[in-house]
Structure formats: structure tokens, C-alpha cells
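Results of the structural survey
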Amino acid sequence: MATVTKQARKKIWALLALGVFTGLLFLPLFLSLPTGASGETPAPAVTPAPAAAKAADAKPVEKSRDVWYKTEGPVMGAPAPKTTDSVKDYPRYNFESRVLLWVSLQQHLYYGSFVLAVPIFCMIVEYLGVITKDKALSRKYDQLAYDFVKISLTAYSLTALLGGIVIFTFLTLYPTFFGYLSSIFRPVMATYALLFIAESGTLYIYYYGWDKMREGFLKWVHVSMSVVLNVIGTVLMMLANSWIAFMQSPAGVDAEGRYLGNVWHVIHTTLWNPINVHRLLGNMAFGGGVVAAYAAYRFLTSKTDEERAHYDWMGYVAMFIGVCFLIPLPFAGYWLMREVYAYRQQMGITLMGGLLAWLFIIQAVMIGALFLTTNYYLWQGMERMRGAERYQKYIKYMVFVLITCFIVWLTPHTIVMTPAELKAMGGQQHPVLGNYGVMSAKNGAINTIITTTVLSFIMYQRANKIPTVKWASLGNSFLFGMFTMAYINIIWLAIYGYYIPANVRVGLSVPQVATTLSCLFIGVILNSVMLKGAKDTGPIAWGQISVRSQYALIMLATSFTWMMGLMGYIRSSVRLFWHVNEIMRDNSPWAFTHTIGFGANMISFNVLFFWVTILFVFWLGSLGIKKAPVAVPAGQKVPLPASSH
Amino acid sequence: MLTAKVLGAITALLIIATGGTLLFMLPESGASQLMRRAFHIGWPGGLLILGLLLYFQFGRKDDPNRSDLVFKSLVGLLGYSMFFIAVANYAMNFNDESLGAPGEPRFLPVSLVMFTVACFMMAMYFSGVRVLLQIGGFMFFVAACLAGFGNWLPQVKADPPPLEEKTEDVSKMSVSEMAMSSLPWLSEGIPKREGAELVWNPHARGRTTERPCL
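Calculation criteria
- Residues numbered from 1 in each chain as written.
- Chains lettered and ligands numbered in written order.
- Predicted model: local features only at pLDDT ≥ 70, side-chain atom pairs only at ≥ 80, totals over all residues.
- Helix = DSSP H or I, 4+ residues; strand = E, 2+ residues; numbered from the N terminus.
- Buried ≥ 20, exposed ≤ 12 C-beta atoms within 10 Å, placed from the backbone.
- Contact = placed C-beta atoms within 7 Å.
- Core = buried A, V, L, I, M, F, W, Y, C linked by C-beta atoms within 7 Å.
- Domains from an automatic or database assignment.
- pLDDT = per-residue confidence, 0-100.
- Nonpolar A, V, L, I, M, F, W, Y, C, P; charged D, E, K, R; others polar.
- Arc of directions from axis to C-beta.
- Axes fitted to C-alpha atoms, helices over the stretch in contact; angles between N-to-C directions.
- Parallel < 35°, antiparallel > 145°, perpendicular 65-115°, else oblique.
- Left-handed = near helix turned anticlockwise from the far one by under 90°.
- Expected span 1.5 Å × (residues − 1).

Once that is clear, we can look at the overall build of chain A. Counting secondary structure elements, chain A contains 21 helices and 6 strands. Of all 645 residues assigned to chain A, the portion counted as buried reaches 43%. A sequence separation of at least 24 residues applies to 84% of the contacts in chain A between residues at least 6 apart.

Scanning chain B for helices and strands turns up 7 helices and 2 strands. Beginning at the N terminus, the succession of helices and strands in chain B can be written as α-α-α-α-α-α-α-β-β. The buried share among the 214 residues of chain B stands at 21%. For chain B, restricting intrachain contacts to residue pairs at least 6 apart in sequence, the fraction spanning at least 24 positions comes to 47%.

Moving on, we get to the nonpolar core. The biggest cluster of nonpolar side chains holds 196 residues, and the ones touching the most others in it are Val118, Phe148, Val291, Ala292 and Leu553 of chain A together with Ala143 of chain B. Each of domain 1 (88–385 + 541–626) and domain 2 (386–539) of chain A gives at least three residues to this core. Residues contacting Val118 of chain A, with those up to four places away along its chain left out, are Phe148, Val149, Ile151, Ser152, Gly287 and Val291 of chain A.

Moving on, we get to the confidence of the model for chain B. Residue and element names in this part refer to chain B. Overall, the prediction assigns chain B a mean pLDDT of 78, with 80% of residues at 70 or greater. Averaged pLDDT values over the elements of chain B bottom out at 49 in strand β2 (residues 208–212) and peak at 90 in helix α5 (residues 130–150). If you check the scores for this complex, the pTM reads 0.81 and the ipTM reads 0.78.

Taken together, the contact pairs 38 residues of chain A with 30 residues of chain B. Only α9 (272–300), α13 (357–381), α20 (547–573) and α21 (596–623) of chain A provide two or more residues apiece to the side of chain A that touches chain B. Sorting elements by how many residues they give to the side of chain A that touches chain B places α21 of chain A first, with 11 residues. A per-class count over the side of chain A that touches chain B returns 25 nonpolar, 12 polar and 1 charged.

Here we take up helix α5 (residues 175–184) of chain A. Residue and element names in this part refer to chain A. Where α5 is concerned, the buried positions are Thr176, Phe177, Tyr180, Leu181 and Ile184. The buried residues of α5 all sit within an arc of 130° when viewed along its axis, so they share a single face. The inward-facing, buried residues of α5 abut α7 (216–248), α8 (263–267), β5 (578–580) and β6 (584–585).

Our focus in this paragraph is the packing of helix α16 (residues 439–461) of chain A against helix α17 (residues 472–496) of chain A. Residue and element names in this part refer to chain A. Where α16 meets α17, the closest approach of the two axes is 8 Å, and the angle between their N-to-C directions is 165°. Classified by the angle between their axes, α16 and α17 sit roughly antiparallel to one another. The interaxial crossing formed by α16 with α17 has left-handed handedness. For the pair α16 and α17, the contacting residues are Ser440, Ala441, Asn443, Gly444, Asn447, Thr448, Thr451 and Leu455 in the first and Phe483, Ala486, Tyr487, Ile490, Ile491, Leu493 and Ala494 in the second. Taken together, the residues of the contact of α16 with α17 break down into 9 nonpolar, 6 polar and no charged.

Moving on: the domain arrangement of chain A. Residue and element names in this part refer to chain A. Parsing chain A into structural domains produces domain 1 (88–385 + 541–626) and domain 2 (386–539). For domain 1 and domain 2, the distance between their C-alpha centroids amounts to 28 Å. Taken together, the contacts link 17 residues of domain 1 with 24 residues of domain 2. For the side of domain 1 that touches domain 2, the class distribution of residues is 13 nonpolar, 4 polar and no charged.

Let's shift gears to the packing of helix α4 (residues 135–173) of chain A against α21 of chain A. Helix-helix packing: each pair is described by the crossing angle between the helix axes and the interaxial distance. Residue and element names in this part refer to chain A. Between α4 and α21, the least distance of the axes is 9 Å, while the angle of their chain directions is 130°. One element, α4, and the other, α21, form an angle in the oblique class. For the pair α4 and α21, the sense of crossing is right-handed. Residue-level contacts link Lys150, Ile151, Thr154, Ala155 and Leu158 of α4 to Val617, Leu620 and Gly621 of α21. Residues that form the contact of α4 with α21 fall into these classes: 5 nonpolar, 2 polar and 1 charged.

Bringing the environment of Tyr208 of chain A into the picture now. Residue and element names in this part refer to chain A. Here Tyr208 shows up in helix α6 (residues 186–208). Take Tyr208: there are 11 C-beta atoms within 10 Å of it, and that puts it in the exposed class. Note: C-alpha distance between Tyr208 and Val263 (55 residues apart in sequence) is 37 Å.

For α9 of chain A, built from 29 residues, the straight-helix expectation of 42 Å at 1.5 Å per residue is met to within 8% by its first-to-last C-alpha distance of 41 Å. The buried fraction of α9 of chain A is high, at 25 of 29 residues.

Let's shift gears to unusual backbone geometry. Residue and element names in this part refer to chain A. Residue Lys70 is not a glycine yet carries a positive backbone phi of 65°. Inspection of the secondary structure assignment puts Lys70 in the loop between β1 (63–65) and β2 (72–74). Overall, the presence of 8 C-beta atoms within 10 Å leaves Lys70 in the exposed class. Although it is not a glycine, Glu582 sits at a positive phi angle of roughly 65°. Tracing the backbone shows Glu582 in the loop between β5 and β6. Since 13 C-beta atoms lie within 10 Å of it, Glu582 is described here as partly exposed.

All names here are of chain A. Mean pLDDT over chain A: 86, with 89% of residues reaching 70 or higher. Across chain A, element-level confidence peaks in α17 with a mean pLDDT of 95 and bottoms out in helix α2 (residues 51–58) with 56. For the stretch residues 34–49, pLDDT sits under 50, and the model shows 13 contacts to residues farther than four places along the chain or on other chains. Low pLDDT, under 50, characterises residues 639–645; the predicted model gives this stretch 13 contacts beyond four residues in sequence or across chains.

What follows covers the environment of Leu281 of chain A. Residues and elements named next belong to chain A. Mapped onto the secondary structure, Leu281 falls in helix α9. Counting along the chain gives 45 residues from Leu281 to Leu326, while the straight-line C-alpha distance between them is 7.1 Å. Dropping the residues within four chain positions of it, Leu281 is found in contact with Phe325, Pro328, Leu329 and Ala332.

Structure follows, in C-alpha cells:
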């Protein structure tokens, strides 16, 4: 009883410490925001205002209308500068300035995403370690969380360095534009800098305090610090997002680009929240991919079975987290695109049906490849479980379904053609294949792919288990019926979509998505409940997985990275020839939109540059390995992620 | 007889012979230019590897691993050459718009394929960094596929529209000013847009419509 009270007291103290910690870290933010939001500058407390200032105050305040919110506000800034193609506005080297900025920004973004995502994994895994009652398991989780944060630490320094390079690139190549942007986001940038300092401090205390805060109350403080760390990281990301969202869908300024004194309007543009959600999910999927690649690299270079088992497990956990965030990502993307269409229809058309449409086909290919690879990894993973053989016979059918859907999914509606090709095909659309390029077919295809992936995961979950609950046969029948009905419903709606008008067809995506999500949540939860106390057909032999599976993880990581670069390029280039959409025009010699091929080459360059440098980071991380992972005696379970079996 | 080393040596000789032939027989061809550019960029490193090769061959006569080291130096030289030919390809074809670096960007995925081949080739012989090279080669392969896919179709570049001319803000004009500003229209007709010609159209309100110049 006394122990329980002591533990409860420790938890209360930990929560209090967390509250104080959070409060102190966010104090600057709370202090600066109201002032910025009101648009007023604090008046000097004692010094009387000179006569000239009084006279200035007496002048009527010019008011103007917000381009987005349509509210009136006092004009507090200069209009957006009208740049010219000159060295003053666009100083340059003998090279395309935009490309230099593109590379530095993309690298900063990759590293930034990585160091934002990894502490979130770390927080989850460390928390699992704290609440797990099994000591060996708890230590293993703790070691894994430590491994995660160690990787991100070197990357964190690189992120800061790259951030500096981005600032210098902006200042030296786009001084006028950057001056304008910083004049509007002055309070936000100051807050960003403060938060960056807070993030750095917290991260270093978190990492270096790991051993000191290993037990009891201090461990809870340590876990609390990871929460604070992630809150700061997320706010940092959201502040940075406000700059790009403003460039794409400006608000808080009038038609001439004059700041109207409300910093919240400038931050909270119409695309800000969709971008926040999309980016957070994307970062998590990307972080999962990078950590999985790290684990694969360590697996492939492992010398002992213990090491191999540890990194196999690590790769699985990272892949699992990454895919968990990959699944809702298309829905967040859908929301973002819907908001883009609502903001400017033309912008949406440029993206989905115009100049940049082919990039979405490439994206479709990548999404299909990601799901195929995930399925492949799960099937390979079943090899390390005795009893999984009974599911092997179904894999060939699943491959057929996945490949068929993948082909439909990547069939373009229309493609850019030469006149000769157009003539040979007899029109913009192919007489047969054109039928698969429409949205109705694609919705059916992607939902079938996701549902099949869920099915693969359920098979994986029960690969070495036989349910022993009394209602097992009923549960199995329900699962079978649910998936059968789901496939029928998705495919039926896809076919039905051909016979109804487009405006009605759009609504069909809702029941299709609902079906897929039902399979995901009901299927996985029901399966997990059924597997409680299930009979083991054999332990999971971690480390005994094919080398090919590790290349699947590397493929996932490369594809995530490429897709992130691609989507970033799409989002950015949809502004076309505007620095700030419809407010500040880009008059540099590089205001044109590149060809898709050039974009693909640049993305590839960025991806490979990132991976070359991150492999270096991995190598650096491997130099500081303090100890081998906790050895697991033969027959003992190696910990699994919470949602696995 | 035909061991991996012998085959490797024959391949290396063939590559060197092909390169040499191209440089001497077709000095102005694109391939020759590419090789010259690669040599221009990467000759110091190449010289270093060549120096090592000669050192292993002639300076370590008693070393039992001599032939292995010489062979690996040769493979390294080949990989290094491929790497710099790929870099030169990037440098020459990076962007058809860049100042000082015009070219054909659609050739760039070829570089990625060359990186892939170089990585896998070297991974076969350099066991110490085999995994890294294989992972790198695999990534280059994925990137080459995606970049190749992006470069497959006819490419369209979107130029920005011409700068807008400053027009009077009619909302701030008085009635008389507006009337005055419309006088030229009445006397000279509505000015046509650039790139369009006015054609007679009896159904149009102003009796003319613009027909874009093709």
C-alpha cells in the first residue's frame, strides 16, 4: 500500500514537473503572441512621448482589407516590393539561384523532418518501456529508444547547420523577397529562434540525462521531457509551415501585400492546418523509413545473431510505425487538396489536371510501390515464424490482386503526347486503357490495395498463433465475411461510378474509404482480441529473415524520401511565377516552371545527397556504440510493438 | 583459366580500348566530350589510384596479396572513372536554362544508372564496404527508375506571362477622368492584345473579335 502511494506521489510530482517545464519553455511564446496578434507595439512605460511622435499619432491610420479574411486592419507594413531582373533584387552566381535554394531547403527539410519524427518514436518506445512490467522487456525498449535518439542527435546538428545555410542562401540570393517575408513574420521568426534554443536544450538534457534518469521518479521526468521536446518540435514545424502556407495562400495582408497588424491571420492562412497535418504524418512516415533503413544497414553488417535479432526487431518496429502513419497520409493529402481547390480552383487544376498532373502519376506509382513493398516485407517476415506456412498459399492471390490494382492505379487519364502519338492513339485517351485512368477505377484500386495490406498484416499477426477463445470460429467467420463484403463493396462502387455523373461519383469515395478504414480498425482490433491467450506454434525467430526483406526496408526509405521531395516540389511549384501568390511576383530569370523531367532529376539528386550524408551519420552513430543489445535467452520472447501479437 | 580476375581484366582492357578509340577516332563526339570533361574534373583522384596501382605492382613485389591489390586498384579506377563520367554528364546536361551549363536534362538518369553499375561492380570486390555499396547501388537504382519515369514523356516548360502593364485604378477616378480616359478608345478603337488580330464579326458587340495568332 505504501509502495503504491509512493508511486502515485512520484507520478504527481512528475506531472507537476512536466507542467512547470512546459510552462517555462512556452513563456516567451505566450508573452509574444498576444502583442503580435493585436498588432500593437507596447507603449513605453515612463518616458513621455515627444511632440513629433504625438503629431504622428494624430495622423489618421490608413486601413485596408485583408485579402483572405476580408477584415479591415491598420496598414502596418510596406507593400510587397516589385522586383526587377537585376543584381539588386536577385544577386546571382553563374548558376540557377533557385536550384541552389532548392537543394539547401530540401536538405534542411529532410533532416528537420527526421529530427522531428525520431523523438516522437522515442517518446512512444520509452513510454512503452516504462509501463511494461517485464524488466527485460522494459530494458530492451529503453535501449531501443536510446538508439533512436542517438541517431537523431548527429542529425540534429546537421539540421541546424543546414538551417544556417538556408538563411544565408536566402539572404545572398533573394534578399528583397526574404526582407519582405521577414518584415511580415518578424515576431514568428523571433519565436522560432527561441523555440529552437528550447528544443536544443531539451534534446541535449534528454540525451545526456538518460543514464542519470533511468529509474523511478526521475524516469518519469525523463519521459515528460520527451513530451515537451515533441511539443516544441511540433510547434517549430507549424511555425515554419506558416511561412510556406503564406507564400501559397496569403492572408493577413492587403492586396498590395501590406501587413495589417494581425500576426495570427498571417500564420493561420487557409492552407496552414492541412499542411500541418499532412507534414506531421509525412514526417512520421519518413522518420520510420529512415530508422528502418538504419536498422536494415545495421542488420546487414551485423556480426552476431544477437545483433541481427535486435536490428531485425528495430527495423520491424520502425516500419510498423512508418506504415501506421502512411495509411492516413492519403486522407490528409485529400484534405489539403480540397482546401487548395477551395482557395483557388485554378491552382487545383494546375496540380491535378494541368502542368503538374504527371507528377501525380509518379506519386501514384510510388504509393503503389510503397504498399507493395510493405506487403512484401510482411510476407518475408512471416518466414521467421513457425506455423506461418499455412498462410503462404494465399500470398500468390494477394500478389495478383495487388499487381492488378497497382496497374489500374498508375494508369494515367491523359498524357502529354506528340501530335503523331495523339493521331496513332485516336484521341487523348486510349480506347481501352483510358477506362482505367478515371477516378472511379483509381479509387477502387487504391482502396483494394490498402484493404489487402490490412489483410496481410492480420495474417502476419496470427502467423504463429492459433486463437483459443471460444468464439474463435465465429470471429474468423466474421473477419472472412467482413473482408469479402469490403472487397465486393469497394469494387461494386468503383463500377457503379462509371454510370453516374461526376458530381455524384465524388461522393462514392466516402463509403469506399469508410469500408477500408472499417477493415483496418475492426479487423486489427478483433484479431488482436482473438489472439489474447492464443496458442503459440513457435517463437518469432528474430534475425532469421531474408536479406531481401532488408532491401525492402531500404526501398521503403528511399521511396518515402523521393515522395517527400516530389510532393514538396509539387506544392511549391504550383505557385508558378509568384513568390507570394498573387501578391509578390517572381521577376528573376528563373520564374518559369521547370519541366517534369528536370524536377525528377533534382529530386533524385536531393534524395541521393541526403542518403549519402545520412549514411555518414549512421556510420558516425555506429562508432559510439556503447554496448551490445540485451541478450535474449533462447525461447524467450523478444518484445513486440504494442499493437502486434 | 577464365577466373573472375581474368574476366575482369579483359573487361577493363575492353573498356579502356573503347574509350581510347572514341577519344582518338571520334574526338568531337558527345561520348568523347563527356570523357574529356570527366577527366578534367576527376584527374587528381584518378592519378592517385593509378599511383597506388603502380605502387602495388612494382613497389610491393614480396607481398603475397599483390595481385589482389593491383586488381582491386584496377576495379577502383574503373569505378572511379564511371563515377566521374556520370558526374560530368550531370555537369554538362544539368539544365537547359542555366547560365553557363546548358544541356539536355533528359540524359541525367543515365548518370544514375552509371552510379548504380559502379556501386554494384565495386561491391563485388570490396568486401569491407560491400553492404554500403550495395545499399547505395540499390538507392541509385530506385532513383534512376523514378527519374527515368519522370523524363519519359515530352517535356513542357511553363514560362511566366509577360509583365503586366500598369493600368489606371478606375475605382479612384472621377467621372470626368474616366470619360477622358475612354476618348482614345472612341477615336482609335479598343487596343488589341499582343499576339492577336482583330477580325470582323457582325455578331460581336463591338463588331470585332480577337483571333489569336497561330
